[in-house]
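# Summary of structural features
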Amino acid sequence: MAARLIDDDPALAHEHALAASRSAGRIAVVRETVAITAYAVGDFALALRELRTFRRISGRDDQIALMVDSERGVGRPDRALEVGRAVDRASLPTDVRVELAIAMSGARLDLGQPDRALQELDIPELDPDTAFPWSPGLFAARAAVLEELGRDDEAAQWQRRADIAAAALGEIDADSETIEIDEIDEIDLDDDDDVDDQVDDTESDDLDDADREDADDEPASVRKDAEEERS
């Protein structure tokens, strides 16, 4: 529900995330969701606290850019830069690395360092000729920095590239029926035939017994109708 509501009603999405945390506060994705929805409603202090907890539970840096932005949100751009520099960027997925560069650039702008903000965006993923999922945000961030530097013509050019990339990606998404799954837990099996052995026989027996007990409690006419329907 939080994921469904986050774009249209972030406050309600945040309430759902908080409700989930009261029931399953030790699960990483729950704390991550609380952090994301807290950020969406402008509660940057809570977002930071939840992001640290998510990081501690999961051991992942997937939301490092959001941590940097949350530090900016509480008025600590210097601390934001420290947080961003503390991770090994080479180990990050490409989209996370791009998001981090954008967040670091924003922190530089907060400190009144537009030249260094532009340098933060000089990354290999800045390809003006190809639209990747991260391209619109990266192009728009570069446009904002160039505008801050007074280079309006270049800023307009990069903003146009951002708009074109977003439109192109939108057309691809509209034609795609692919469902994106955030997380998959993979289990390596030595032999595919062993899959059936992973089933808990005791649980299956209990379920069979329960089904038989439910069937015995049904009237004979109902059992007869059910048998005919199965036939």
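Now for a description of the structure that goes with this document. (Residues numbered from 1 in each chain as written. Predicted model: local features only at pLDDT ≥ 70, side-chain atom pairs only at ≥ 80, totals over all residues. Heavy atoms only, no water.)

### Quick notes on the overall build of the protein chain
To be explicit about the condition: In this text, helices come from DSSP runs of H or I with a minimum length of four residues, and strands from runs of E with a minimum of two, each type numbered from the N-terminal end. Using a 1.4 Å probe on the protein chains alone, a residue whose accessible area is under 20% of its type maximum counts as buried, one over 50% counts as exposed, and one in between counts as partly exposed. Contacts are assigned to residue pairs with any non-hydrogen atoms lying within 4.5 Å of each other. Surface exposure here means Shrake-Rupley accessible area, sampled with a 1.4 Å probe, where a residue is shielded only by the protein chains that are shown.
When you go through the protein chain residue by residue, the secondary structure sums to 12 helices and 0 strands. In the protein chain, the succession of helices and strands from N to C terminus is α-α-α-α-α-α-α-α-α-α-α-α. Scored against the burial criterion, the 231 residues of the protein chain give a buried share of 30%. Contacts spanning at least 24 positions in sequence make up 48% of the contacts within the protein chain whose residues lie at least 6 apart. Of the roughly 15100 Å² that the protein chain leaves accessible, carbon and sulfur atoms contribute 45%.

### Some words on the packing of aromatic side chains
Under the convention used in this document: Only Phe, Tyr and Trp rings take part, Trp by its six-membered ring, and two of them pair if their centres are within 6.5 Å. Stacked means planes under 30 degrees apart, edge-to-face means over 60, and tilted covers everything else. In this scheme, Lys NZ or Arg CZ marks a charge over a ring once it lies within 6 Å of the ring centre and within 35 degrees of the ring normal.
Per the stated rule, a full pass over the model turns up 3 aromatic pairs. Taking 4.8 Å as the distance between ring centres and 5° as the angle between the ring planes, the aromatic pair formed by Phe132 and Trp134 counts as stacked. For Phe132, a relative accessible area of 30% gives the class partly exposed. Above the plane of the ring of Trp158 lies Arg161, whose end atom (NZ or CZ) is 4.5 Å from the centre.

### Notes on helix 9 (residues 135–148)
Definition in use: One fewer than the residue count of a helix, multiplied by 1.5 Å, yields its expected span.
Along its 14 residues, helix 9 runs 20 Å from first to last C-alpha, staying within 8% of the 20 Å computed at 1.5 Å per residue. Of the residues trailing helix 9, Gly150 is marked for its positive phi of about 80°.

### Quick notes on the nonpolar core
Our working definition: Throughout, nonpolar core names a set of buried Ala, Val, Leu, Ile, Met, Phe, Trp, Tyr and Cys residues whose side chains join them through atoms within 4.5 Å.
Among the nonpolar cores identified, the biggest contains 18 residues, and Leu138, Phe139 and Trp158 are the most heavily contacted of them. Secondary structure elements with two or more residues in this core: helix 7 (94–110), helix 8 (114–120), helix 9 and helix 10 (152–175). At 6 residues, the largest contribution of residues to this core is made by helix 9. Residue contacts for Trp158: discarding those within four places in its chain leaves Leu126, Pro128, Phe139, Arg142, Ala143 and Leu146. Residues Ala65, Met67, Leu81 and Ala107 belong to the second largest nonpolar core, which totals 17 residues.

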